[in-house]
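Topology and contacts: notes
Spelled out from the first residue to the last, the chains are:
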Amino acid sequence: MAKNKKPHRGKGVTRREFMTNVSAGAVAVAAAGTLGAKDAEATAVIKPEDMVTIDLQINQRRHRLLVEPRWSLLFVIREKLGLTATKFGCERGECGSCTVLVNDVPLYACMMLAMEAQDLKITTLEGLMQGEALGPVQKAFLEQDAYQCGYCTSGQIMAAEGLLRKQPHPSIEEIQTGVSGNLCRCGAYPHIFKAIAQAAKAR
Ligand code: FES
Ligand code: FES
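What you see is a predicted model; the values in this text were computed from it and never measured.

So, the pattern of salt bridges
- Throughout the structure, instances matching the rule amount to 10 salt bridges.
- With its nearest N and O atoms 3.7 Å apart, the salt bridge here joins Arg-78 to Glu-79.
- Of the residues examined, Arg-78 reaches a relative accessible area of 19% and is grouped as buried.
- You can call Glu-79 partly exposed: its relative accessible area is 39%.
- In this structure, Arg-165 and Glu-161 form a salt bridge, with 2.9 Å as the shortest nitrogen-oxygen distance. Of this pair, Arg-165 and Glu-161 both sit in helix H5 (residues 153–166), separated by 4 residues, roughly a single helical turn.
- Salt bridges linked by common partners bring Asp-104, Lys-121, Glu-161, Arg-165 and Arg-203 together as one network.

This is the structure:
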């Protein structure tokens, strides 16, 4: 699962590897005053001239936005674009509730600056919908009862979707590894694994 020096170029890189490699950079950013996404707007001190215009491609739509350089992709997705399926959790690359696909690879949106995501293909849970109908992975989670409180579910589904795009017929071990960067406090893992296996068959 998702973490390398250049997370947006993450093909073939696991998120665990990504986390290891970006940790030094993340610490440096934190030391420079990066704020948690939830607080970023409220404590904005940046001068207007230091805002940056970026283009994001999310769920096959292009968005032009004015952002602070320190804003995370998670903050922008939720608070600026209103795509609230992607969840705030730990905001430090531990829980996986913020997982999105970046060029089809599951990554933690809390660990990527919005600026870094420019011109990359971002997919959120909303992007898995097929019109008004659920996509195959979403449907399998529903049918297998693969959640309790549901807070981790968006991230689990995005991790599963990324796994199935890379490996359409995963073994149970590959399924377990594929969502190993996504914590479920409710312990719904057996159902989550079954749902992913069902989605793989359906695809
Ligand atoms: S909110 Fe991103 S990993 Fe927990
Ligand atoms: S369903 Fe509650 S945290 Fe996973």
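Once the structure has been displayed, the description carries forward.
Here's the deal with helix H7 (residues 189–202)
- Between its terminal C-alpha atoms H7 stretches 20 Å, which fits the 20 Å expected from 14 residues at 1.5 Å a residue.
- For H7, the complete set of buried residues consists of Ile-192, Phe-193, Ala-195, Ile-196, Ala-199 and Ala-200. With its buried residues spanning 160° around the axis, H7 presents them on a single face. Seen from the open side of H7, the exposed residues pointing more than 90 degrees away from its buried face are Pro-190, Lys-201 and Ala-202.
- Packed against the buried residues of H7 are helix H4 (136–143), H5 and helix H6 (172–178).

Notes on the packing of H4 against H5
- Their axes nearest at 9 Å, the elements H4 and H5 cross at an angle of 130°. By the criterion of interaxial angle, the relationship of H4 to H5 is oblique. In this structure, the crossing between H4 and H5 has a hand that is right-handed. Between H4 and H5, the contacting residues are Val-137, Gln-138 and Phe-141 on the first element and Thr-153, Gln-156, Ile-157, Ala-160, Glu-161 and Leu-164 on the second.
- Classifying every residue of the contact of H4 with H5 by side-chain character gives 5 nonpolar, 3 polar and 1 charged.

Observations concerning a nonpolar patch on the surface
- There is a patch of nonpolar side chains on the surface, built from Met-129, Leu-134 and Leu-142 and spanning about 240 Å² of accessible area.
- Following the sequence through the fold, Leu-142 ends up in helix H4.

Overview of the sheet that holds strand S2 (residues 61–67)
- Pairing is mixed across the open sheet formed by 5 strands, whose spatial order is S2-S1-S5-S3-S4. Two strands lie at the open edges of the sheet, namely S2 and strand S4 (105–108), each paired on one side alone. Ignoring strand direction, the axes of neighbouring strands in this sheet form an average angle of 40°.
- As defined by bridge partners, strand S1 (residues 52–58) adjoins strand S5 (residues 121–123) across 2 bridges and the pair is classed as parallel. Each bridged residue has a counterpart across the sheet, and for Ile-58 the counterpart in S5 is Ile-122.
- In the packing of helix H3 (residues 73–80) onto the sheet, the strands contacted are S1, S2, strand S3 (99–102) and S5, and the crossing angle to S1 comes to about 80°.
- Along the sheet face, H5 touches S3, S4 and S5 and points at about 30° away from the line of S3.

A short note on the environment of Ile-46
- Position of Ile-46 among the secondary structure elements: in the loop between helix H2 (37–40) and S1.
- The sequence separation of Ile-46 and Pro-69 amounts to 23 residues, and the corresponding C-alpha distance is 9.3 Å.
- The contacts of Ile-46, once residues within four sequence positions are left out, are Met-51, Glu-68 and Pro-69.

Let's talk about the packing of H5 against H7
- H7 packs onto H5 with a crossing angle of 40° between their chain directions and a minimal axis gap of 11 Å. With respect to their mutual orientation, H5 and H7 come out oblique. Note on packing geometry: the crossing formed by H5 with H7 is right-handed. Residues Gln-156, Ala-160, Leu-163 and Leu-164 of H5 pack against Ile-192, Ile-196, Ala-199 and Ala-200 of H7.
- Counted by class, the contact of H5 with H7 contains 7 nonpolar, 1 polar and no charged residues.

About the cut-offs
- Residues numbered from 1 in each chain as written.
- Chains lettered and ligands numbered in written order.
- Predicted model: local features only at pLDDT ≥ 70, side-chain atom pairs only at ≥ 80, totals over all residues.
- Heavy atoms only, no water.
- Salt bridge = Lys/Arg side-chain N within 4 Å of Asp/Glu carboxyl O.
- Buried < 20%, exposed > 50% of the residue type's maximum accessible area, 1.4 Å probe, protein only.
- Helix = DSSP H or I, 4+ residues; strand = E, 2+ residues; numbered from the N terminus.
- Expected span 1.5 Å × (residues − 1).
- Arc of directions from axis to C-beta.
- Contact = heavy atoms within 4.5 Å.
- Axes fitted to C-alpha atoms, helices over the stretch in contact; angles between N-to-C directions.
- Parallel < 35°, antiparallel > 145°, perpendicular 65-115°, else oblique.
- Left-handed = near helix turned anticlockwise from the far one by under 90°.
- Nonpolar A, V, L, I, M, F, W, Y, C, P; charged D, E, K, R; others polar.
- Patch = residues over 30% accessible without salt bridge, like charges linked within 9 Å, V, L, I, M, F, W, Y side chains within 5 Å.
- Areas by Shrake-Rupley, 256 points an atom, 1.4 Å probe, with all protein chains shown as cover.
- Pairing = 2+ DSSP bridges.

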